[in-house]
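Each chain, letter by letter, is given below.
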Amino acid sequence: MEERASIRPGLPLPNPTVSYWQDPPSSLSNNRTTPELPTTVDTLIIGSGITGTTLAYRILSQPSPPSVLVLEARTACSGATGRNGGHTKCVAYREVLDNIKDLGEEEAVKIARFGYNCMRNVHAFAREHGIACDSWQGDTVDVIYDQAQWNKAQKAVAELNRVLGDDDPVAQYKFWDAEEAEKRFLAQGSLGAVSYEAGSLSAYKFVIGVLALALEKGLNLQTETPALRIGKYESGHRGWIVETPRGAVKAERVVLATNGYAAHLYPPLQGVIVPLRGHMTAQRPGSGLPKDGLATTYSFIYDDGYEYMIPRPQGSMFAGDIMIGGGATKGRDEGLCEFGTTDDTTTDAVILKYVEDSAAERFGSNWGHDHPEGRLRKAWTGIMGYSSDGFPLIGQLPDENDLYIAASFQGSGMVLCFESARALFKIMSQEDEALDRWFPKVFRITRERMKRKFRGRLHAKVPPMDLEMKSQP
């Protein structure tokens, strides 16, 4: 892992695999608001995913806002946001035991509420602003195949109920035994399942909608304009110079919304934020699945990993298709080779084959026959960002005036990015006195966190301390 974490991320590569969501691309895909780059700007945001875009919108929604420039290395929303499955799913119960043990109950509760509120607020924002992004809210189900994971899930939900109370919406979970799980959710061979509130949307359409709102407010968006390097302004002056192939821009403040690529622009982040390549597919459902589509989103959880699956809602393009991704631990060296990788121009044959087959195997005889045109409609990859402690890095970089970051979302950006951008906006506006009431302290970037060695913490695996639960009834 030390070797993988030391690989320089570089710039996003040209000609990446084409995401299901980006076909066809938006009319804003290659937007350049002005023919030439501005030479100066108040706020420069690098990255046009959900974090950078929603932050730009918040800044521009102020009275008499500063000027805002967003740089994107490739086309608009071409990074992790435009390449994920769009699963707005807060898995508080999967994290709460570790968080209580490591951080205490108060911080663990704050993290659980943060993810839940982020999940709800993304959909609320889309409704409020009329963003057509295939927004769907309902239930999700985690189908569990491993005894330790099953035992841990029950213990975790009990802890959530204890610390939050039975009536708190963040603590609402329902367990199903193996027979009930197959009857209701059609998945075979499990130990049981747990269902709870979640949702889905097209993150690409959502971000394009936010970009359109921000452009109306004066945003300057420059696509196909990678930030090559950043440097401090000349001695005695605050601010930064961002160099691009099209010229340099002087900015009073710079925001790194570059997730897994952050160390390319700020080398001290090397090994602090480590890229991880993820695989995603769009598949035609088998003939045995409901003709009007599955009623819930899914995760399939086993001993060393998981897949997640989102049915396309009615009224959307290819309604009933299933979006399924994951399988990282099935690659070479248990997926270790996917860490440090920023090549989203290709896929890993072993992981892709596993993901392509996983849904049919989980549904077994309930899958039916493959579609006459084949199971796989499209496959692609995307680059996520992971930190040593499993939490985002939000705030002003230590000892760097006017250089900010919001990155490292651990593959859970849809329930972290939107509210993290709100928190960063408060920090940048120096309105963060009340921030600790709702924003987890552990998400703030600090000198201590910058020194931590990356070990590859994934909540997918059962921590060693829980392995003794395998022997429990």
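Look up: the structure comes first, before these words.
Values in this document were obtained by computation on a predicted structure and should not be read as measured data.

Analysis parameters
Residues numbered from 1 in each chain as written. Predicted model: local features only at pLDDT ≥ 70, side-chain atom pairs only at ≥ 80, totals over all residues. Heavy atoms only, no water. Phe/Tyr/Trp six-rings, centres within 6.5 Å; stacked < 30°, edge-to-face > 60°. Helix = DSSP H or I, 4+ residues; strand = E, 2+ residues; numbered from the N terminus. Buried < 20%, exposed > 50% of the residue type's maximum accessible area, 1.4 Å probe, protein only. Pairing = 2+ DSSP bridges. Lys, Arg positive; Asp, Glu negative; His and termini not counted. Salt bridge = Lys/Arg side-chain N within 4 Å of Asp/Glu carboxyl O. Polar contact = N/O pair within 3.5 Å; in protein donor to acceptor, adjacent residues only side chain to side chain. Axes fitted to C-alpha atoms, helices over the stretch in contact; angles between N-to-C directions. Parallel < 35°, antiparallel > 145°, perpendicular 65-115°, else oblique. Left-handed = near helix turned anticlockwise from the far one by under 90°. Contact = heavy atoms within 4.5 Å. Nonpolar A, V, L, I, M, F, W, Y, C, P; charged D, E, K, R; others polar. Core = buried A, V, L, I, M, F, W, Y, C linked by side-chain atoms within 4.5 Å.

Novice: Sorry if this is basic, but what is going on with the packing of aromatic side chains here?
Specialist: We describe a pair of aromatic rings using the distance from one ring centre to the other and the angle between the two ring planes. Tallied over the full model, the rule gives 26 aromatic pairs. Aromatic side chains F185 and Y298 sit 6.5 Å apart centroid to centroid with 85° between the ring planes, which places their arrangement in the edge-to-face category. Here F185 is found in helix α6 (residues 178-185), whereas its partner Y298 is found in strand β12 (residues 297-302), with 113 residues between them in sequence. Pair check on accessibility: F185 and Y298 agree, each one buried. Measuring from centroid to centroid gives 5.9 Å for F300 and F363, while their planes differ by 90°, and the two rings are edge-to-face. You can see F300 sitting in strand β12 and its partner F363 sitting in helix α9 (residues 349-363), a full 63 residues away along the chain. Neither residue differs from the other here; F300 and F363 are each classed as buried. An aromatic cluster of at least three residues, connected via ring pairs, comprises W176, F185, Y298, F300, F363 and W367.

Novice: What is the right way to look at the pairing of strand β16 (residues 393-396) in this model?
Specialist: The side chains of a regular strand alternate between both faces of the sheet. As defined by bridge partners, β16 adjoins strand β17 (residues 403-407) across four bridges and the pair is classed as antiparallel. Paired with Q396 across the two strands is Y404, which belongs to β17.

Novice: In this structure, what is going on with the side chain of R94? I would like to understand it.
Specialist: Relative to the helices and strands, R94 resides in helix α3 (residues 92-103). No salt bridge is formed by the buried R94; its nearest oppositely charged neighbour, D142, is found at 5.1 Å. At 3.0 Å, the side chain of R94 forms a polar contact with the side chain of Q149.

Novice: How do you make sense of the packing of helix α2 (residues 50-60) against helix α10 (residues 417-428) when you look at a structure like this?
Specialist: Helix-helix packing is characterised by the crossing angle of the two axes and by the distance between the axes. Axis separation between α2 and α10 bottoms out at 8 Å; the angle between their running directions is 45°. Between α2 and α10, the angle is such that the two are oblique. Considering how the two elements wind past one another, α2 and α10 form a crossing that is right-handed. Contacts from I50, T51, T54, L55, R58 and I59 in α2 reach C417, F418, E419, A421, R422, L424, F425 and M428 in α10. For the contact of α2 with α10, the class distribution of residues is nine nonpolar, two polar and three charged.

Novice: Any chance you could explain α6 here in plain terms?
Specialist: Along an α-helix, residues three or four positions apart point the same way, because every turn accommodates 3.6 residues. Two to three positions downstream of the cap, the backbone nitrogen of E179 sits 3.2 Å from a side-chain oxygen, assigning the N-cap of α6 to D177. Just downstream of α6, L186 is the residue with a positive phi angle, here 70°.

Novice: What is the right way to look at the environment of L336 in this model?
Specialist: Along the chain, L336 turns up in the loop between β14 (322-326) and α9. It is 34 Å that separates the C-alpha atoms of L336 and H369, two residues lying 33 residues apart in sequence. Dropping the residues within four chain positions of it, L336 is found in contact with M1 and R4.

Novice: Looking at this structure, how should I read unusual backbone geometry?
Specialist: What is expected of a backbone is that most residues other than glycine have negative phi and most peptide bonds are trans. Residue D23 is joined to P24 through a cis peptide bond whose omega torsion reads 5°. Locating P24 in the fold gives a position in the loop between α1 (2-5) and β1 (40-46). Despite not being glycine, D402 has its phi angle at roughly 65°, a positive value. Owing to a relative accessible area of 13%, D402 belongs among the buried residues under this scheme. Even without glycine at this site, Q430 takes up a positive phi of about 55°. Position of Q430 relative to the elements: it lies in the loop between α10 and α11 (447-450). With a relative accessible area of 65%, Q430 lands in the exposed category.

Novice: Even after reading the chapter, I still don't get the pattern of salt bridges, so can you show me in this structure?
Specialist: Per the stated rule, a full pass over the model turns up 31 salt bridges. In this structure, D389 and R449 form a salt bridge, with 2.8 Å as the shortest nitrogen-oxygen distance. Note that D389 is positioned in the loop between β15 (376-387) and β16 and R449 in helix α11, a separation of 60 residues in sequence. R449 matches D389 in its accessibility class, with the two residues each being buried. Put simply, E448 and R452 hold a salt bridge, and the shortest N to O gap is 3.3 Å.

Novice: Honestly, the nonpolar core in this entry has me stumped. Any pointers?
Specialist: Generally speaking, nonpolar side chains in soluble globular proteins are found buried as a group. Core analysis: the biggest nonpolar cluster contains 61 residues, and I45, L55, F206, L219 and F443 have the highest contact counts within it. Elements with a minimum of two residues in this core: α2, β2 (68-71), α4 (105-128), α7 (203-216), β11 (273-283), β13 (305-311), β17 and α10. For I45, the contacting residues outside a window of four places in its chain are G52, L55, A56, I59, V68, L69, V70, L71, V255 and A257.

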